[in-house]
Amino acid sequence: MTKAMEILNSLTLEEKASLTSGKDCWRTVDIDGKLASIMMSDGPHGLRKEENGGAVPATCFPSSATIANSWDEDLIYKIGEALGEECLANDVQVILGPGVNIKRSPLCGRNFEYFSEDPLLATKMASGHIRGVQSKGVGACIKHFAANNQETDRFSVNAIIDERTLREIYLSSFEEAVKEAKPWMIMSAYNKLNGDYCSENKYLLTDVLRDDWGYEGVVVSDWGAANEPVDGVKAGLDIRMPGPVPSANAAIVEAVKFGELSMEELNKNVLRIIELVEKGIASKVADYEADMTAHNELAVKAAEESAVLLKNNNNVLPLDKSDKIALIGAFAEQVRYQGGGSSCVNATEVSNLLQALDDKNITYTYAKGFKTEDDLIDDNLVSEAVTAAEKSDIIVMCMGLPFRMESEGFDRWTMSLPINQIELFNKLSELGKPMVVVLFQGSPVEMEWSKNADSILAMYTGGQAVAKACVNLLFGGANPCGKLSETWGLKLENNPTALSFPEKGTASYVEGVYVGYRYYDKKKLDVMYPFGYGLSYTTFEYSDLKISATDISECDTLEVSFKVKNTGDIAGKEIAELYVEPTYPSVSRPVRELKGFKKISLEPGEEKTVTMTLDKRGFAYYDVETHDWQVDTTVYKIHVGASSRNLPLVGSIKVNSSRTNKAFFTTDSRVYELNANPVSKETLNKLLTEDLKLDISALSIDLPLSKLVGFSGGKLSVDMLDRFVSELNERIK
Ligand code: BGC
């Protein structure tokens, strides 16, 4: 018998029930002499352990929105390791993150805490994060499961999402990370999903999570997200946080006594909690010391690798130390490096751009230019900035979203930057000098004003070392290599959710799977900067696409290889992206979807061969009739390149589905479906014309079979049709 089983057997009903809520705000319940307690604290991008009314000092790494721009699973793994080490040093057993909710609208207040609009990129980054944390014997907690895509009304909004959209988009960002990285914990979201609160949602917490994905860890409620205690246990919720909640424990005891909840059901949950606690306790290291200097260095590297160079006309960047620079904008002094709410870290050290430039002996003239506390234009600050700019050769303007605009608890109300920043930009650009814009923000902003900017470097919410990283990038000490993990639309109105986000009460995800680039591509809309886009100080060339086969079965894996060459004269990194496009889908599908990516390092002139593999999921969609992933038999285009809208290489592959859906033919079925079953058009024609002597040449291919009776001129009766359908079904068995 395992130790956890022994502990379970030693517990009274009351003790078991007590384990299902927290001991206090952050700890699990301990049971004298039987089970210890473990501590959870917030992440995701740094440890936020509450102590003495504040939080312990910890390294603030770039937030998830930022690090996702690195597309670098190894880098986020290293950050995960560092987070794990700081947890060990602070006696924390589980760190609450990463958050993998999909960016449905650019306005979601917590977008800075989430990875992407694309589930593959999000789940890969999450997986790296979790594996890194857990390699240190500390648990990660993936959150917020699921469909927590807005902050407005977050405690009660009912997200209405169809099954296919859920599986392909909103659950998919969790799926691979859960299956592959096996987080110790999953946090159930505040909101309802299709009518049931996520914390009491059996479909979510048991049918999908445990039965389908095989998850064996603990489900914890978001803080205050649990409602009906017995329903929660039955649905698969293990721990309600925060605690204690004596009334909930009592309700569970009553339910077992009165047979509403079986002891077996409760035991399953309690056993998972015991196993978690035992794991956490076993990994504790007394007097552990984390190397905070190394973590700060890692934070610098992470911010460098995650910054995205959006524009660089005439190679204005990198700057030269001897340039006469006017540094304008309050963000140079008050760097915006993280967002508000539960993820807000008490950073160990934060430098600003002024200090980072001084440290490198780079001279500049600084003017604040605008306030960040409000949007009002301050004429004095404007004229100071103009005077400083007039005396310079190059203007570097630090713009962005003030801290007050991006936080947990509310959504952004606009995609625009504050007017005081845009007005100042316009004034400065009238001077006709080269203008570099550095952006500090956790999500996309409208950029109509930016026509006169020569270069734009988006630092996002880059963590405590963002200023140092920024200076390195501006002056060529580091070469930008991040790419956008989300589309920057031209304007908010172009977003599929623009007319309804955020909805109160009920949020209907009517745009379906068309989120982010899936929507902009389907609608052929121009965007400001596409998903997957980012420049470098060097250039890359793609060539020589090779696909390992021309015709495969859906069970085969396909190898795709190509070459990438650094054609410039400095070293750089390129993120190569692979997208798959079905040519003849049987259901409405996005034009193309990201199915692979790799970040590669290249010396000047160097060329490397990149290989990626695709399996069934690379081609599949979620089929709501079979409640499973299905592949259409059709030709798929394989696109490879530098962004979702710059894909110079294209090849093709025919994938043959093995789908045999026995219920496929009914009298209501279409005459045939080209893609989804093994009965070919020829076979059907033979059956109809030779065996049944029907002339079907004039019939439309999507005619329901039942209509054949009417079109047969009396040759086909309903009985004959029934026999015909049976025969078809025999043939596809
Ligand atoms: C947030 C979670 C967080 C928890 C504990 C909640 O309000 O939604 O992300 O982990 O608080 O602070």
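Read on for a plain summary of the structure. For clarity, every value in this text was computed on a predicted model and none was experimentally measured.

Summing up its helical and strand segments, the protein chain has 20 helices and 31 strands in all. At 28 Å, the protein chain has a C-alpha radius of gyration in line with the 27 Å of a compact globule built from 733 residues. Summarising the internal contacts of the protein chain: among those between residues at least 6 apart in sequence, 76% fall at separations of at least 24. For the protein chain, the accessible surface area stands at approximately 27,400 Å², while carbon and sulfur atoms represent 48% of it. Between the centroid of the 78 positive side chains of the protein chain and the centroid of its 107 negative side chains there is a distance of 3 Å.

Our focus in this paragraph is empty space enclosed by the protein. For the structure on display, the rule yields 5 cavities of 30 Å³ or more. Contributing to the lining of the largest cavity are 17 residues, with S105, P106, E117, T487 and N495 lying nearest its centre. Per-class residue counts for the lining of the largest cavity are 6 nonpolar, 6 polar and 5 charged. There is about 50 Å³ of room inside the second largest cavity. A total of 3 residues in the lining of the second largest cavity trace back to one element, the largest contributor, which is helix 4 (residues 73-89). Class assignment of the residues belonging to the lining of the second largest cavity gives a composition of 6 nonpolar, 4 polar and no charged.

Now for the packing of helix 12 (residues 292-306) against helix 16 (residues 466-474). Across the interface, helix 12 lies against helix 16 with an axial gap of 8 Å and an inter-helix angle of 50°. With respect to helix 16, the axis of helix 12 lies oblique. Regarding helix 12 and helix 16, the two cross each other, and that crossing is right-handed. On helix 16, the residues touching E297, V300, A303 and E304 of helix 12 are V466, K468, A469, N472 and L473. When the residues that make up the contact of helix 12 with helix 16 are grouped by side-chain class, the tally is 5 nonpolar, 1 polar and 3 charged.

All right, on to the site of the ligand then. In the vicinity of the ligand, 14 residues are found, and the nearest of them are D42, R110, H144, D222 and E408. Here H144 contributes a side-chain N or O atom positioned 2.7 Å from an oxygen atom of the ligand. The separation between an oxygen atom of the ligand and a polar side-chain atom of R154 is 3.3 Å. Within the complex, 93% of the 310 Å² of free accessible area of the ligand lies under protein. Residue composition of the shell around the ligand, grouped by class: 5 nonpolar, 2 polar and 7 charged.

The next point concerns the sheet that holds strand 11 (residues 218-221). The parallel open sheet is built from 5 strands, whose spatial order is 1-5-6-8-11. Both edges of this open sheet fall to strand 1 (40-42) and strand 11, since each of them pairs with a single strand only. If you compare each strand with its neighbour and ignore which way they point, the axes differ by 30° on average. Where helix 7 (residues 172-181) meets the sheet, its contacts fall on strand 6 (139-145) and strand 8 (185-188), and the angle it forms with strand 6 comes to roughly 160°.

For strand 17 (residues 435-440), the buried fraction is high: 6 of the 6 residues fall into the buried class. Residues M435, V437 and L439 of strand 17 are buried on one face, and the alternating residues V436, V438 and F440, pointing to the opposite face, are buried as well. Relative to strand 17, strand 16 (residues 394-400) runs parallel, the two being bridged by 6 bridges. Looking at the pairing, C398 lines up with V438 of strand 17.

So, on to the sheet that holds strand 30 (residues 634-641). For sheets, the rule is that strands pair by backbone hydrogen bonds, running either parallel or antiparallel. Sheet architecture is open: 5 strands sit in the order 23-31-30-25-26, paired in mixed fashion. What marks the edges here is a single partner per strand, and that holds for strand 23 (551-553) and strand 26 (593-602). For this sheet, the mean inter-axis angle between neighbouring strands, taken without regard to orientation, is 30°. Bridging between strand 25 (residues 572-582) and strand 26 involves 9 bridges; their strand directions are antiparallel. Pairing of E577 across the sheet is with F597, part of strand 26.

We now examine the packing of aromatic side chains. Taken as a whole and judged by the stated rule, the model has 20 aromatic pairs. Plain terms: the ring middles of Y517 and Y579 are 6.0 Å apart, the flat faces sit at 90° to each other, and that makes the pair edge-to-face. With Y517 in helix 17 (residues 517-522) and Y579 in strand 25, this pair connects stretches of sequence that are 62 residues apart. Residue classification places Y517 among the buried residues on the basis of a relative accessible area of 2%. Judged by relative accessible area, which is 0%, Y579 ranks as buried.

This brings us to helix 1 (residues 3-10). Within helix 1, burial applies to A4, I7 and L8. Projected down its long axis, helix 1 carries its buried residues within an arc of 100°, all on one side. Where helix 1 is buried, its residues contact helix 2 (13-18) and helix 11 (263-282).

Next up on the list: the layout of surface pockets. Considering only enclosed or pocket space, the largest pocket measures out at about 940 Å³ in volume. Surrounding the largest pocket, 38 residues form its lining, L120, K124, E176, K595 and G596 being those nearest its centre. Of all the secondary structure elements, the ones that give two or more residues to the lining of the largest pocket are helix 4, helix 5 (119-134), helix 7, strand 26 and strand 27 (607-614). Sort the elements by how many residues they give to the lining of the largest pocket and strand 26 lands first, with 9 residues. Of the residues assigned to the lining of the largest pocket, the class counts are 12 nonpolar, 8 polar and 18 charged. Considering only enclosed or pocket space, the second largest pocket measures out at about 390 Å³ in volume. Surrounding the second largest pocket, 19 residues form its lining, L535, S536, T538, T539 and F540 being those nearest its centre.

A surface patch of negative charge is lined by D196, E228, D231 and E260. Taking the relative accessible area as the measure of exposure, D231 reaches 38% and is therefore partly exposed.

Right, let's get into helix 11. The terminal C-alpha atoms of helix 11 lie 28 Å apart, and with 20 residues this matches the ideal 28 Å at 1.5 Å per residue to within 8%. Every buried residue belonging to helix 11 is among L266, N267, N269, V270, L271, R272, I273, I274, L276, V277 and G280, and all of these are buried.

Our focus in this paragraph is the environment of F112. Relative to the assigned elements, F112 resides in the loop between strand 5 (94-96) and helix 5. With relative accessibility at 0%, the residue F112 sits in the buried group. With 489 residues separating them along the chain, F112 and S601 place their C-alpha atoms 27 Å apart. Each residue touching F112, except ones within four places of it in the same chain, is listed here: S63, S64, A65, G339, G340, S343, E406, S407, E408, G442 and T461.

Time to look at the environment of V718. For V718, the position within the fold is in helix 20 (residues 718-731). A residue is classified by how much of its surface remains accessible, and V718, at 54% relative accessible area, is exposed. On a C-alpha basis, the gap between V718 and K301 in space is 72 Å, while along the polypeptide they are 417 residues apart.

Where helix 14 (residues 379-390) meets helix 15 (residues 419-429), the axes come as close as 10 Å, and the angle between the chain directions of the two elements is 30°. For the pair helix 14 and helix 15, the sense of crossing is right-handed. Only L424, K427 and L428 of helix 15 make contact with helix 14, whose side of the interface consists of V382, A385, V386 and A389.

Definitions and limits used
- Residues numbered from 1 in each chain as written.
- Predicted model: local features only at pLDDT ≥ 70, side-chain atom pairs only at ≥ 80, totals over all residues.
- Heavy atoms only, no water.
- Helix = DSSP H or I, 4+ residues; strand = E, 2+ residues; numbered from the N terminus.
- Rg over C-alpha atoms; globule rule 2.2 N^0.38 Å.
- Contact = heavy atoms within 4.5 Å.
- Areas by Shrake-Rupley, 256 points an atom, 1.4 Å probe, with all protein chains shown as cover.
- Lys, Arg positive; Asp, Glu negative; His and termini not counted.
- Charge placed at Lys NZ, Arg CZ, Asp CG, Glu CD.
- 1 Å grid on protein atoms, 1.4 Å probe; cavity = no way out; pocket = protein on both sides within 12 Å on 5 of 7 lines; lining within 4 Å.
- Points joined across faces, edges and corners; volume = space filled by probe spheres on them.
- Nonpolar A, V, L, I, M, F, W, Y, C, P; charged D, E, K, R; others polar.
- Axes fitted to C-alpha atoms, helices over the stretch in contact; angles between N-to-C directions.
- Parallel < 35°, antiparallel > 145°, perpendicular 65-115°, else oblique.
- Left-handed = near helix turned anticlockwise from the far one by under 90°.
- Near = heavy atom within 4 Å.
- Polar contact = N/O pair within 3.5 Å; in protein donor to acceptor, adjacent residues only side chain to side chain.
- Pairing = 2+ DSSP bridges.
- Buried < 20%, exposed > 50% of the residue type's maximum accessible area, 1.4 Å probe, protein only.
- Phe/Tyr/Trp six-rings, centres within 6.5 Å; stacked < 30°, edge-to-face > 60°.
- Arc of directions from axis to C-beta.
- Patch = residues over 30% accessible without salt bridge, like charges linked within 9 Å, V, L, I, M, F, W, Y side chains within 5 Å.
- Salt bridge = Lys/Arg side-chain N within 4 Å of Asp/Glu carboxyl O.
- Expected span 1.5 Å × (residues − 1).

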